[in-house]
Amino acid sequence: MNDTEMLGCLCEDADMGRSSARRVLKHIKDTNLSATVKEQLDDFEHAYDSAAQMLSQKGQNAPTSAPMAKTMAAVESEMQTFMDSSSSKIAEMMIQGNTMGITTITKQLNDYNGEDPEVSKLSKKQIGMEQRNIENLKKFL
């Protein structure tokens, strides 16, 4: 995996995270959880913009996550929140999403053989962000 591929993966992950955060925000009744998810939305926006800017510097456009993946995630999210829209359930869903992001980026980072140390640094920073997200959500379980 080269630099642009890794940055594209970071964009896709951050795009999925921000999409999920936006989607669940409308179901949250707890103001503390809402504030936590809004913070995470801001973090995902920043992560996307950072990777997109690096891609732009390399002459590439920033991708977003696949429309089918977003649609499937949206349907799953709506079904789960329809059945249980408690803070605990929403936190659990967000934890699962962040865990998937950590797993995906870690696998891609292991396959990464690019030359730009800033790409590796940004990848590790995004993993750290998602780990913090999980820790911040645990109190709502």
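Heads up: the structure comes first, above all this text.
Numbering of residues begins from 1 in every chain and follows the order in which that chain's sequence is written. Whole-chain, interface and lining totals are the exception, using all residues; otherwise, since this is a predicted model, local features are given only for residues with pLDDT of at least 70 and side-chain atom pairs are given and counted only at 80 or more. The side-chain quantities take in all heavy atoms of the structure and omit both hydrogens and water.

Chemist: Which parts of the structure should I look at to understand the overall build of the protein chain?
Modeler: What counts as a helix is a DSSP run of H or I of at least four residues, what counts as a strand is a run of E of at least two, and both are numbered from the N terminus. Each helix and strand in the protein chain was counted, giving five helices and zero strands. Along the protein chain, helices (α) and strands (β) appear in the sequence α-α-α-α-α when read from the amino end. Compactness check: the protein chain gives a C-alpha radius of gyration of 15 Å against a globular reference of 14 Å for 141 residues, within 12% of the reference. Considering only C-alpha atoms, the protein chain reaches an extent of 45 × 30 × 20 Å along its principal axes. Think of it in three bands: with a 1.4 Å probe and only protein chains considered, a residue is buried below 20% of the maximum accessible area for its type, exposed above 50%, and partly exposed in between. In the protein chain, buried positions account for 46% of the 141 residues. In summary, the charge assignment counts Lys and Arg as positive and Asp and Glu as negative, without counting His or the chain termini. By convention, the charge on Lys lies at NZ, on Arg at CZ, on Asp at CG and on Glu at CD. A distance of 4 Å separates the average location of the 16 positive side-chain charges in the protein chain from that of its 21 negative side-chain charges. We compute the radius of gyration from the C-alpha atoms alone; for a globule the expected value is 2.2 Å times N to the 0.38, where N is the number of residues.

Chemist: Would you mind showing me how to read the layout of surface pockets here?
Modeler: Here the idea is plain: a probe the size of a water molecule rolls over the atoms and shows the empty space left. Of the pockets and cavities examined, the largest pocket occupies roughly 690 Å³. Cavity: a set of points on a 1 Å grid over the protein atoms alone where a 1.4 Å probe fits but cannot get out. Pocket: an open set with protein on both sides within 12 Å along at least five of seven lines, its lining residues, like those of a cavity, having an atom within 4 Å of a point. What lines the largest pocket is a set of 27 residues, among which Met16, Ser20, Ala73, Gly97 and Met100 lie closest to the centre. A per-element tally of the lining of the largest pocket places helix α4 (residues 87–111) first, with nine residues. For the lining of the largest pocket, the class distribution of residues is eleven nonpolar, eleven polar and five charged. Grid points are joined across faces, edges and corners, and a volume is the space filled by probe spheres set on the points. Classes in brief: Ala, Val, Leu, Ile, Met, Phe, Trp, Tyr, Cys and Pro nonpolar; Asp, Glu, Lys and Arg charged; the others, Gly included, polar.

Chemist: How do you make sense of the packing of aromatic side chains when you look at a structure like this?
Modeler: Geometrically, a pair of aromatic rings is defined through the distance of the ring centres and the angle of the planes. Ring pairs shown here join Phe, Tyr and Trp side chains whose ring centres sit within 6.5 Å, with only the six-membered ring taken for Trp; geometry is labelled stacked below 30 degrees between planes, edge-to-face above 60, and tilted in between. The full count for this structure, using the stated rule, is zero aromatic pairs. Both a distance and an angle decide whether a charge sits over a ring: NZ of Lys or CZ of Arg must be within 6 Å of the ring centre and within 35 degrees of the ring normal. Here the guanidinium or amino end of arginine 18 rests over the ring plane of tyrosine 48, the centre of that ring lying 3.9 Å away.

Chemist: Looking at this structure, I do not really get helix α3 (residues 67–83). What am I missing?
Modeler: Owing to its 3.6 residues per turn, the α-helix aligns residues three or four sequence positions apart on the same side. The terminal C-alpha atoms of α3 lie 24 Å apart, and with 17 residues this matches the ideal 24 Å at 1.5 Å per residue to within 8%. Buried residues of α3: Ser77, Gln80 and Thr81, and no others. Down the axis, α3 shows its buried residues gathered within 90° of arc, on one side only. For α3, exposure combined with an orientation more than 90 degrees from the buried face picks out Pro67, Met68, Met72, Phe82 and Met83. Residue contacts are counted whenever heavy atoms from the two residues lie within 4.5 Å of one another. Packed against the buried residues of α3 are α1 (3–25) and α4. By definition here, a helix of n residues has an expected span of 1.5 Å times n minus one. Relevant arc is that of directions from the helix axis to the C-beta atoms, nothing else.

Chemist: Looking at this model, I keep getting lost on the packing of α1 against helix α2 (residues 31–57). Mind explaining?
Modeler: Packed helices, taken two at a time, are described by the angle their axes make and the gap between the axes. One can describe the packing of α1 onto α2 by two numbers: an axis separation of 8 Å at closest approach and a directional angle of 155°. With respect to their mutual orientation, α1 and α2 come out roughly antiparallel. The crossing of α1 and α2 is left-handed. Here the contact of α1 with α2 is composed, by residue class, of 16 nonpolar, four polar and six charged. Each axis is a line fitted through C-alpha atoms, taken for helices only over the stretch in contact, and angles between the N-to-C directions span 0 to 180 degrees. Just so you know how the angles are binned, under 35 degrees is roughly parallel, over 145 roughly antiparallel, 65 to 115 roughly perpendicular, and the rest oblique. Should the near helix be turned counterclockwise from the far one by less than a right angle, the crossing is left-handed, whereas a clockwise turn marks it as right-handed.

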